[in-house]
Amino acid sequence: MRHHLILRVVTKMLVGTIILFAFYVQFHGDFSPGGGFQAGVIMAVAFIIYGVVFGLDEVQQVFPAWIVHKLLALGVLIYAGTGFVSLFLGYSFLDYGAFTPAHPVHGQHYGILAVELGVGVTVTGVMVAVYYAFAGRTPQLSDEEW
Amino acid sequence: MLVVTAIAVVRIRSLFAVAMFSGIFSLLSALLFVAMDAVDVAFTEAAVGAGISTVLVLTTLALTTRHEKPSKRSPVIPLFVVFVTGATLIYGTMDMPNFGSADAPAQTHVSPEYLERSVHEIGVPNVVTAILASYRGYDTLGETAVVFTAGIGVLLLIGGLRRRREDEEAEESRDS
């Protein structure tokens, strides 16, 4: 899409805003609609729109495929790790009261933030990885057949 | 409008237009969810259904053709299945309580308990997040694992992992 000037300029302006909105949805999920799943998707959309407009190679310089593949597993690790931390602090698995024993409600906040972060990281990774996997295949049709 | 869009998706042969119409379909159902005060679900539907899946369908279109092949089989049996399923579903809705009814099972079982308890037990204003991440933390862990497994499955099927190995080899040869 080299020749689509408007698309490229608008995309450049939007990508930052989309990422910012994704972080807002991620960390404000306790207070407003949203959470890890939605934030992960929005974050992935920012990279995908960049890839659609500027090409796969450009976006993979920003966000290489091997990092994406690590993120897939990292998110689940963050989530399960939160559970194990509370387990080793002497509480039950995923009992967020463990993080601040003096004030269990605060612990719930931290726990929810941590697991939502895990969800968000995994969802971002999966969406971007799926996009890379699809877009990275060479088209089997030549241009004349379109 | 949902029905009109669905019919358009079925009838139109140009797959590009079909992708756009399924995006519109998702957006309309998101509006329906907003009308029912399920903003979290609407948010997900708008982001996943109207956003990501449209983009993924479009990238898939780039790999295949733009036009649907006309089907040669008779549409009688699929139509019969569709009508029987639809009739069963509509028959099932007859027993459902009215929209917004106070004595519906959804309002009388666990939800008032969650609504009352979550404020001082979790301290999070968004009850959906409180239930999703705290009361039902195990389920959400399972969901995350499902998403993870799905991603791994796509990578294994389409071969994203093999390309990564080649990339790394290329990088290593560049580094050395």
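The rules we used
Residues numbered from 1 in each chain as written. Chains lettered and ligands numbered in written order. Predicted model: local features only at pLDDT ≥ 70, side-chain atom pairs only at ≥ 80, totals over all residues. Heavy atoms only, no water. Helix = DSSP H or I, 4+ residues; strand = E, 2+ residues; numbered from the N terminus. Buried < 20%, exposed > 50% of the residue type's maximum accessible area, 1.4 Å probe, protein only. Areas by Shrake-Rupley, 256 points an atom, 1.4 Å probe, with all protein chains shown as cover. Phe/Tyr/Trp six-rings, centres within 6.5 Å; stacked < 30°, edge-to-face > 60°. Expected span 1.5 Å × (residues − 1). Bend = angle between axes of the 7 residues up to and from the residue. Core = buried A, V, L, I, M, F, W, Y, C linked by side-chain atoms within 4.5 Å. Contact = heavy atoms within 4.5 Å. Buried area = accessible area lost by both parts, 1.4 Å probe. Salt bridge = Lys/Arg side-chain N within 4 Å of Asp/Glu carboxyl O. Polar contact = N/O pair within 3.5 Å; in protein donor to acceptor, adjacent residues only side chain to side chain. Nonpolar A, V, L, I, M, F, W, Y, C, P; charged D, E, K, R; others polar. Patch = residues over 30% accessible without salt bridge, like charges linked within 9 Å, V, L, I, M, F, W, Y side chains within 5 Å. pLDDT = per-residue confidence, 0-100.

Comments concerning the overall build of chain B
Turning to step 1, where the next piece is worked out: Along chain B, the regular secondary structure elements total nine helices and zero strands.
Turning to step 2, where the next piece is worked out: Going residue by residue from the N terminus, the α and β elements of chain B occur as α-α-α-α-α-α-α-α-α.
Turning to step 3, where the next piece is worked out: Burial analysis of chain B (176 residues in total) assigns 24% to the buried set.
Turning to step 4, where the next piece is worked out: In the structure as shown, chain B presents an accessible area of about 12,100 Å², 68% of it carried by carbon and sulfur atoms.

Thoughts on the packing of aromatic side chains
Turning to step 1, where the next piece is worked out: Taken as a whole and judged by the stated rule, the model has seven aromatic pairs over all chains.
Turning to step 2, where the next piece is worked out: Plain terms: the ring middles of Phe21(A) and Tyr24(A) are 6.1 Å apart, the flat faces sit at 25 degrees to each other, and that makes the pair stacked. Of the two residues, Phe21(A) and Tyr24(A) are both situated in helix 1 (residues 5–27); the distance of three residues between them amounts to about one turn of the helix.
Turning to step 3, where the next piece is worked out: Look at Phe21(A) and you get partly exposed, because its relative accessible area is 38%.
Turning to step 4, where the next piece is worked out: Residue classification places Tyr24(A) among the partly exposed positions, given a relative accessible area of 41%.
Turning to step 5, where the next piece is worked out: Through pairs of rings, three or more aromatic residues link up here, namely Phe21(A), Tyr24(A) and Phe43(B).

Concerning helix 4 (residues 65–88) of chain A
Residues and elements named next belong to chain A.
Turning to step 1, where the next piece is worked out: Between its first and last C-alpha atoms helix 4 spans 34 Å; for 24 residues at 1.5 Å apiece the expected length is 34 Å, and the two agree.
Turning to step 2, where the next piece is worked out: Along helix 4, the helix axis deviates most sharply at Leu72, where the bend reaches about 25 degrees.
Turning to step 3, where the next piece is worked out: Residues Ala65, Val68, His69, Leu71, Leu72, Gly75, Val76, Tyr79, Ala80, Thr82, Gly83 and Ser86 constitute the buried set of helix 4.
Turning to step 4, where the next piece is worked out: Two residues or fewer after helix 4 comes Gly90, characterised by a positive phi angle close to 95 degrees.

What to know about the nonpolar core
Turning to step 1, where the next piece is worked out: Phe63(A), Tyr79(A), Val123(A), Val128(A), Tyr132(A) and Ile52(B) are the most contacted members of the largest nonpolar core, which totals 49 residues.
Turning to step 2, where the next piece is worked out: Those elements that provide at least two residues to this core are helix 1, helix 2 (36–54), helix 3 (56–62), helix 4 and helix 5 (104–135) of chain A together with helix 3 (39–63) and helix 8 (137–158) of chain B.
Turning to step 3, where the next piece is worked out: Broken down by element, the residue count for this core peaks at 14 residues, all from helix 5 of chain A.
Turning to step 4, where the next piece is worked out: Those residues within four positions of Ile52(B) in sequence are excluded, and the remaining contacts are Val41(A), Ala44(A), Val45(A), Ile48(A), Met127(A) and Ala47(B).

What about the environment of Ile18(A)?
Residue and element names in this part refer to chain A.
Turning to step 1, where the next piece is worked out: By the element assignment, Ile18 lies in helix 1.
Turning to step 2, where the next piece is worked out: With a relative accessible area of 17%, Ile18 lands in the buried category.
Turning to step 3, where the next piece is worked out: C-alpha of Ile18 to C-alpha of Val45: the two residues are 27 residues apart in sequence and 8.0 Å apart in space.

Observations regarding helix 2 of chain A
Residue and element names in this part refer to chain A.
Turning to step 1, where the next piece is worked out: When the terminal C-alpha atoms of helix 2 are compared, their 27 Å separation across 19 residues agrees well with the 27 Å that a helix rising 1.5 Å per residue should span.
Turning to step 2, where the next piece is worked out: In terms of burial, helix 2 is a largely internal element, 15 of the 19 residues being buried.
Turning to step 3, where the next piece is worked out: Downstream of helix 2 by one or two residues, Gly55 has phi in the positive range, about 100 degrees.

Comments concerning the interface of chain B and chain A
Turning to step 1, where the next piece is worked out: The partner chain A presents 51 residues to the 48 residues of chain B that form the contact.
Turning to step 2, where the next piece is worked out: Between chain B and chain A, roughly 4,300 Å² of surface is buried when both sides are summed, and carbon and sulfur atoms account for 75% of that area.
Turning to step 3, where the next piece is worked out: Sorting the residues of chain B by area buried against chain A places Phe43(B), Ile52(B) and Leu63(B) first, and these three jointly supply 15% of that buried surface.
Turning to step 4, where the next piece is worked out: The tally of links from chain B across to chain A stands at zero salt bridges.
Turning to step 5, where the next piece is worked out: Linking chain B with chain A are three residue pairs in polar contact (both at pLDDT 80 or more).
Turning to step 6, where the next piece is worked out: For the side of chain B that touches chain A, the secondary structure elements donating two or more residues are helix 3, helix 6 (111–121), helix 7 (127–135), helix 8 and helix 9 (160–175) of chain B.
Turning to step 7, where the next piece is worked out: With 14 residues, helix 3 of chain B is the largest single contributor of residues to the side of chain B that touches chain A.
Turning to step 8, where the next piece is worked out: By residue class, the composition of the side of chain B that touches chain A is 25 nonpolar, 15 polar and eight charged.

Remarks on the side chain of Gln26(A)
Turning to step 1, where the next piece is worked out: Examined against the element boundaries, Gln26(A) turns out to sit in helix 1.
Turning to step 2, where the next piece is worked out: Setting aside its immediate chain neighbours within four residues, Gln26(A) contacts Gly35(A), Gly36(A), Ala39(A), Glu116(A), Leu117(A) and Gly120(A).

Some points on a nonpolar patch on the surface
Residues and elements named next belong to chain B.
Turning to step 1, where the next piece is worked out: Judged by side-chain polarity, Val76, Ile77, Phe80, Val81 and Val84 come together as a nonpolar surface patch covering roughly 510 Å² of accessible area.
Turning to step 2, where the next piece is worked out: Turning to its location among the elements, Val76 is positioned in helix 4 (residues 76–93).
Turning to step 3, where the next piece is worked out: We classify Val76 as exposed; its relative accessible area is 56%.

What to know about the confidence of the model for chain A
Turning to step 1, where the next piece is worked out: Chain-level statistics for chain A give a pLDDT mean of 81 and a share of 92% at 70 or above.
Turning to step 2, where the next piece is worked out: Overall, residues 140–146 of chain A carries pLDDT values under 50, and its contacts beyond four positions in sequence, including any with other chains, amount to six contacts.

Description of the environment of Ala46(B)
Residues and elements named next belong to chain B.
Turning to step 1, where the next piece is worked out: Within the secondary structure, Ala46 is located in helix 3.
Turning to step 2, where the next piece is worked out: Given a relative accessible area of 27%, Ala46 falls into the partly exposed group.
Turning to step 3, where the next piece is worked out: With 15 residues separating them along the chain, Ala46 and Leu31 place their C-alpha atoms 8.6 Å apart.
Turning to step 4, where the next piece is worked out: Other than its neighbours up to four places away in sequence, Ala46 contacts Leu27, Ala30 and Gly51.

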